[in-house]
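Fold and geometry: a report
In case you want the letters, here they are:
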Amino acid sequence: MAPTQEVRFDSSQVTVIFVLGGPGAGKGTQCENLVKDYDFVHLSAGDLLRAEQAREGSEYGQLIADYIKEGKIVPQEVTIALLRNAMKAALASPPSNTPSAASKWSDGRGRFLIDGFPRKMDQALEFDSKVCESRFVLFLRCTEEVMLERLLERGKTSGRTDDNAESIKKRFRTFEETSMPVVEYYGKEGKVVEVDSVESKEAVYRQIKEAMDGTFKKLGQEP
Ligand code: ADP
Ligand code: AMP
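What comes next concerns the included structure. (Residues numbered from 1 in each chain as written. Chains lettered and ligands numbered in written order. Predicted model: local features only at pLDDT ≥ 70, side-chain atom pairs only at ≥ 80, totals over all residues. Heavy atoms only, no water.)

**A look at the site of ligand 1**
Residues in contact with ligand 1, as listed here, are Gly-22, Gly-24, Ala-25, Gly-26, Lys-27, Gly-28, Thr-29, Arg-150, Arg-154, Glu-199, Ser-200 and Lys-201. Here an oxygen atom of ligand 1 sits 2.9 Å away from a polar atom, N or O, in the main chain of Gly-26. A distance of 3.2 Å is found between a nitrogen atom of ligand 1 and a side-chain nitrogen or oxygen belonging to Arg-150. Bound to the protein, ligand 1 loses 77% of the 560 Å² it would expose on its own. The element that contributes the greatest number of residues to the shell around ligand 1 is helix H1 (residues 27-38), accounting for three residues. (Near = heavy atom within 4 Å. Polar contact = N/O pair within 3.5 Å; in protein donor to acceptor, adjacent residues only side chain to side chain. Areas by Shrake-Rupley, 256 points an atom, 1.4 Å probe, with all protein chains shown as cover. Helix = DSSP H or I, 4+ residues; strand = E, 2+ residues; numbered from the N terminus.)

Here it is as structure tokens:
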């Protein structure tokens, strides 16, 4: 991992939206949709950790592999440094594939969907105070029964070490005990936009779009 400077981003220029939900709730799937329609850059904490784990010479490779298999929260120093570096890189070479992306990313501005983060209170507090204050949290609520079915199906082809019944059970426990308190904390701050993600991908996305458009309007911001 490249050494990280403790850079803090200006939240009036850089929009950060956290996307939370249990394992298999559909965070990655729906972020892909949002990227296309709203010119966000999607950063998945899990994907960044898996990339760091696979990077030759990473001093954190084994640690990350062990935490992921056990469904545990990787220490925030590692996760936040990866996110900060990824944000810096995106701001240094912003997307310009569409006129709206070029305009929303001009003059140091940027828009990030940060998926699967923060999963623990220490991360939430550290990121908001030292990296960039988040705008709101999109929370995908789903039942364990549905998430289990989706993850076992995904596990047939994902090659992930944690898409198996034993790891999934541990991930559900971590989500309930450690990550739900983060959702509750932001809920008390009035920052949670909740969507029911049990339905089909298309139906969930329709709800998300409506909720996102309404929230941006309330914030007086362009969607
Ligand atoms: P997460 O990022 O929350 O872990 P994913 O987006 O990877 O979840 O979704 C988990 C699996 O479930 C994927 O294989 C995905 O294609 C599938 N999936 C996601 N949303 C839905 C949905 N609404 N209905 C059915 N399957 C879904
Ligand atoms: P995901 O790809 O979101 O399903 O995450 C897979 C695994 O990566 C989790 O079970 C954790 O072990 C690790 N992970 C993902 N996001 C975080 C995070 N924000 N903080 C620490 N560990 C994380």
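Read on, since the account is not over.
**Some words on the packing of aromatic side chains**
This structure, assessed with the given rule, holds ten aromatic pairs. The ring of Tyr-67 has Lys-72 lying over it, and the distance from NZ or CZ to the ring centre is 4.9 Å. Here Arg-111 stacks its cationic end above the ring of Phe-40, 4.7 Å away from the centre of that ring. (Phe/Tyr/Trp six-rings, centres within 6.5 Å; stacked < 30°, edge-to-face > 60°. Lys NZ or Arg CZ within 6 Å of the ring centre and 35° of its normal.)

**Things to note about the site of ligand 2**
Residues in contact with ligand 2 amount to 18 residues; listed here are only the nearest, Arg-50, Lys-72, Gly-116, Arg-119 and Gln-123. Here Val-74 contributes a backbone N or O atom positioned 3.0 Å from a nitrogen atom of ligand 2. Residue Gly-116 places a main-chain N or O atom 2.9 Å away from a nitrogen atom belonging to ligand 2. Expressed as a share of its isolated accessible area of 480 Å², the protein-covered part of ligand 2 is 95%. Looking at the shell around ligand 2, the elements with two or more residues in it are helix H2 (45-54) and helix H3 (61-69). With four residues, H2 is the largest single contributor of residues to the shell around ligand 2. The residue inventory of the shell around ligand 2, partitioned by class, reads seven nonpolar, five polar and six charged. (Nonpolar A, V, L, I, M, F, W, Y, C, P; charged D, E, K, R; others polar.)

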